Amino acid sequence: MSDNVATPNRFVTIQEHIINEQRQHPAATGGFSWLLSGITLAARIISANVRRAGIIDVLGDAGAANVHGEQQQKLDLLANKTIELCLGYRGNVAMIASEELDEAKVITRGETEEDRKYIVVFDPLDGSSNIDVNVSVGTIFSIFQRDPALAKKSDDQAAEILQPGIKQLAAGYIVYGSSTVLVYTTGEGVHMFTLDPSVGAFILHSEDIRMPEKGKSYSVNEGNANSFPRAVQKFLEWCKTEEAGPYSARYIGSLVADFHRTLLKGGIFLYPATAKSPNGKLRLLYEANPIAFLAEQAGGEATDGQTRILEKTPKSLHERTPLFVGSKQEMERLRRFIRDEA
Ligand code: AHG
Ligand code: MN
Ligand code: MN
């Protein structure tokens, strides 16, 4: 190869990384890697569309509202359909649940248990309100194994999906930002890949990412501050003091982008209960849970202010929760304000 072409001495694609991970899980079959490759395929397709959003007709409202009463953006629906198709081709995903689907959906009616082994829940496009102004958006996913015992307890097919976050087999997100970055965990650390658009492959950037024990910023929509719980208001007042730093305020308005910064730089992200969203705005199954799994795997913490996110058992598909996620020191400081206010 001529010497003016950058030839990396070694690059690891996400496919290779997933297979190496799988080798460490003797019980893991190739099916899990095959499923994850469906998600990376969907991520590449969504990324290509996000990057051309102003050119192809995928900006703006789709003219319908989702189950949350939110105006669906065209890119929400495109991303949702893309993930559903890519997972459907894999043949081992029994059911999916999505922010953009009112109900859970059976997508594989294979005969054997292996055929119908996995459940995938996802937020196909996170930060939709930012699409039209070219601010980072993302996709969030979480993978469970089916739990037929849950199915027996209820004739609602979604019952198998309502598992606590500690049962997740894998979780991750893609940030469509200045570059397209995929971050995932299977419970063996947090790993980050960057999409090289010139070859269409996700290339390993960092393995076993550790969230700093302490950060320099907090991330919250302060427009809602007047209706935050008093303990949260006191914590944010403390963040602004000389004693605390003061902390910088950083808020993008896309959970994935705000969390990605918190994962790499430390600090804390907060979406408390507000007057408008008394149970919090973020959804437990496909926003808080995957983010919490990643945060804990990187040495951080995630709670709803009282309970560890991963120990909450959802009662419904689109259940909302307050979310506080970040570095140990900030989470401990917030916990003290909550304890003192109790
Ligand atoms: P989505 O676009 O999937 O509905 O998610 C938007 C969420 C989340 O990405 C972000 O943290 C939060 O909404 C921002 O909410 P506010 O605009 O109320 O701050
Ligand atoms: Mn979202
Ligand atoms: Mn969304």
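On a predicted model such as this, the values are computed, not experimentally measured, just so you know.

## Re the nonpolar core
With 35 residues, the main nonpolar core has Leu87, Val120, Leu125 and Ile143 as its most contacted residues. Per-element accounting of this core gives the leading share, eight residues, to helix H2 (residues 30–51). Ignoring sequence-local partners within four residues, the contact set of valine 120 consists of Leu35, Ile39, Leu87, Val93, Met95, Ile96, Ala97, Ser142 and Ile143. One finds Val181, Ala288, Leu310 and Val325 within the second-largest nonpolar core, a separate group that totals 30 residues.

## A look at the domain arrangement of the protein
When cut into domains, the protein gives domain 1 (14–206) and domain 2 (217–341). Using C-alpha coordinates to define each centre, domain 1 is positioned 23 Å away from domain 2. In this assembly, 49 residues from domain 1 lie in contact with 32 residues from domain 2. Around 2800 Å² of area is buried between domain 1 and domain 2 when both sides are counted, 67% of it from carbon and sulfur atoms. One can count one salt bridge joining domain 1 with domain 2. Linking glutamate 99 and arginine 283 is a salt bridge whose minimum nitrogen-to-oxygen distance equals 3.6 Å. Taken together, the connections running from domain 1 to domain 2 amount to 13 residue pairs in polar contact (both at pLDDT 80 or more). Elements supplying a minimum of two residues to the side of domain 1 that touches domain 2: strand E3 (93–98), strand E5 (118–126), strand E6 (137–145), strand E7 (170–176), strand E8 (180–185) and strand E9 (190–196). Within the side of domain 1 that touches domain 2, the residues separate by chemical class into 27 nonpolar, 15 polar and seven charged.

## Focus: the coordination of the manganese ion (ligand 2)
In an ideal tetrahedron of four donors about a metal, each angle is 109.5 degrees. In an ideal octahedron of six donors, the angles are 90 or 180 degrees. Within the protein, Asp123 (OD), Asp126 (OD) and Glu287 (OE) serve as the donor atoms for the manganese ion (ligand 2), at 1.9 to 2.1 Å. If you list the donors of the manganese ion (ligand 2) from N- to C-terminus, the spacing comes out as D-x2-D-x160-E. In this structure, the manganese ion (ligand 2) lies 3.7 Å from the manganese ion (ligand 3), and both are coordinated by aspartate 123. Of the two residues, aspartate 126 is situated in strand E5 and glutamate 287 in helix H7 (residues 284–297); the sequence distance between them amounts to 161 residues. Glutamate 287 carries the same exposure label as aspartate 126, and that label is buried.

## Quick look at the packing of helix H1 (residues 14–23) against H2
Interhelical geometry of H1 versus H2 gives an angle of 155° and a closest axis separation of 10 Å. In terms of orientation, H1 and H2 fall into the roughly antiparallel class. Considering the relative orientation of H1 and H2, their crossing is right-handed. Here H1 contributes Ile14, Gln15, Ile18, Ile19 and Gln22 to the contact with H2, which in turn contributes Gly30, Ser33, Leu36 and Thr40. Along the lines of polarity and charge, the residues of the contact of H1 with H2 split into four nonpolar, five polar and no charged.

## Examining the sheet that holds E7
Read from one edge of the open sheet, eight strands run E4-E3-E5-E6-E7-E8-E9-E10, paired in mixed fashion. Either end of the sheet is taken by a strand with one partner, and the two such strands are strand E4 (105–106) and strand E10 (201–206). Relative to E7, E6 is paired through seven bridges, and the arrangement is antiparallel. Paired with isoleucine 143 across the bridge in E7 is alanine 170.

## Some points on the coordination of the manganese ion (ligand 3)
The protein atoms donating to the manganese ion (ligand 3) are Glu99 (OE), Asp123 (OD) and Leu125 (O), with metal-donor distances spanning 2.2 to 2.5 Å. Mapped onto the polypeptide sequence, the residues donating to the manganese ion (ligand 3) form the spacing pattern E-x23-D-x1-L. Accessibility expressed as a relative area gives 4% for glutamate 99, which makes it buried.

Rules used in this analysis
Residues numbered from 1 in each chain as written. Chains lettered and ligands numbered in written order. Predicted model: local features only at pLDDT ≥ 70, side-chain atom pairs only at ≥ 80, totals over all residues. Heavy atoms only, no water. Core = buried A, V, L, I, M, F, W, Y, C linked by side-chain atoms within 4.5 Å. Buried < 20%, exposed > 50% of the residue type's maximum accessible area, 1.4 Å probe, protein only. Helix = DSSP H or I, 4+ residues; strand = E, 2+ residues; numbered from the N terminus. Contact = heavy atoms within 4.5 Å. Domains from an automatic or database assignment. Buried area = accessible area lost by both parts, 1.4 Å probe. Salt bridge = Lys/Arg side-chain N within 4 Å of Asp/Glu carboxyl O. Polar contact = N/O pair within 3.5 Å; in protein donor to acceptor, adjacent residues only side chain to side chain. Nonpolar A, V, L, I, M, F, W, Y, C, P; charged D, E, K, R; others polar. Donors = N, O, S within 2.8 Å, 3.2 Å for Na, K, Ca; no water. Axes fitted to C-alpha atoms, helices over the stretch in contact; angles between N-to-C directions. Parallel < 35°, antiparallel > 145°, perpendicular 65-115°, else oblique. Left-handed = near helix turned anticlockwise from the far one by under 90°. Pairing = 2+ DSSP bridges.

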